[in-house]
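Report on the structure
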Amino acid sequence: MSRRDRERGSGRDLDRRAGAGAPVTVTVCRDCCCGSRTKHPDVDHAAQFERLRAAVGSAGRVRASKCLDVCTQSNVVVVGPSSEGRAAGARPVWLGFVLMDGMIDDIAAWVAAGGPGVAEPPGLLDLQLIQVSRRVREGLPE
């Protein structure tokens, strides 16, 4: 483990020792295509991100990421399982074409229900599932 990983993970390690476990993490791609007014002029990307953060609230963690290298399926959102979900065998779930408010609501509802490995995705989120290469999956920051 690198020094940076130890420093970055130190807060999470304290939470785990206290029994809190890692929450569901929602990673929103915001770079060249995802979050681009040029590619998606009818979407208010900043408002979409803030709406997702507010809707998820304390049920999980929402963060923005640089390009996740799946530009043809923008806007991309990755829902990472909680500690409980990982213990159940869940892996991060990649969603593409997340452009409408209803999708944001469904993602937030899924996080509130426990996320991957704990609850099934609500609404039509299963239609947003995308497959990405192992190279891309492994490039996602911790």
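Definitions and cut-offs
- Residues numbered from 1 in each chain as written.
- Predicted model: local features only at pLDDT ≥ 70, side-chain atom pairs only at ≥ 80, totals over all residues.
- Heavy atoms only, no water.
- Pairing = 2+ DSSP bridges.
- Helix = DSSP H or I, 4+ residues; strand = E, 2+ residues; numbered from the N terminus.
- Axes fitted to C-alpha atoms, helices over the stretch in contact; angles between N-to-C directions.
- pLDDT = per-residue confidence, 0-100.
- Contact = heavy atoms within 4.5 Å.
- Expected span 1.5 Å × (residues − 1).
- Core = buried A, V, L, I, M, F, W, Y, C linked by side-chain atoms within 4.5 Å.
- Buried < 20%, exposed > 50% of the residue type's maximum accessible area, 1.4 Å probe, protein only.
- Salt bridge = Lys/Arg side-chain N within 4 Å of Asp/Glu carboxyl O.

What about the sheet that holds strand β3 (residues 77-80)?
Taking strand neighbours across the sheet as the criterion, the 4 strands line up as β2-β1-β3-β4 in an open arrangement whose pairing is mixed. The open sheet terminates on both sides in strands that have one partner only, identified here as β2 (60-65) and β4 (93-95). The mean angle between the axes of side-by-side strands here comes to 20 degrees, regardless of whether they run parallel or antiparallel.

Regarding the confidence of the model for the protein chain
For the protein chain, the average pLDDT comes to 84, and 82% of its residues sit at 70 or higher. Ignoring residues within four places in sequence, the model shows residues 1-19, a span with pLDDT below 50, making 9 contacts including any to other chains.

Considerations on helix α2 (residues 45-56)
Counted at 1.5 Å a residue, the expected span for α2 with its 12 residues is 16 Å, and the 16 Å between its end C-alpha atoms agrees. Phi turns positive, to about 55 degrees, at Gly-57, one or two residues after α2.

What to know about the nonpolar core
Judged by nonpolar contacts, the single largest core of 20 residues is most densely connected at Val-26, Leu-52 and Ile-107. Going through the elements one at a time, β1 (24-29), α2, β3, β4 and α4 (101-113) are the ones with two or more residues in this core. Looking at which element gives the most residues to this core, the answer is α4, with 6 residues. If we ignore the near neighbours within four places in the chain, the residues touching Ile-107 are Val-26, Leu-52, Val-77, Val-79, Leu-95, Val-98 and Leu-125.

What about the pattern of salt bridges?
Applying the stated criterion across every chain, the model contains 2 salt bridges. Arg-51 is paired through a salt bridge with Asp-101; the nearest N and O atoms lie 3.0 Å apart. Remark: Asp-101 occurs in helix α4 and Arg-51 occurs in helix α2; sequence separation between them is 50 residues. What makes Asp-101 partly exposed here is its relative accessible area of 45%. Between Asp-105 and Arg-51 there is a salt bridge, with the nearest N and O atoms lying 2.7 Å from each other. A residue pair is termed long-range when its members are at least 10 positions apart, and Asp-105 in helix α4 and Arg-51 in helix α2 qualify at 54 residues. Among the residues examined, Arg-51 registers a relative accessible area of 31% and is labelled partly exposed. Look at the salt bridges and you will find they share partners, linking Arg-51, Asp-101 and Asp-105 into a network.

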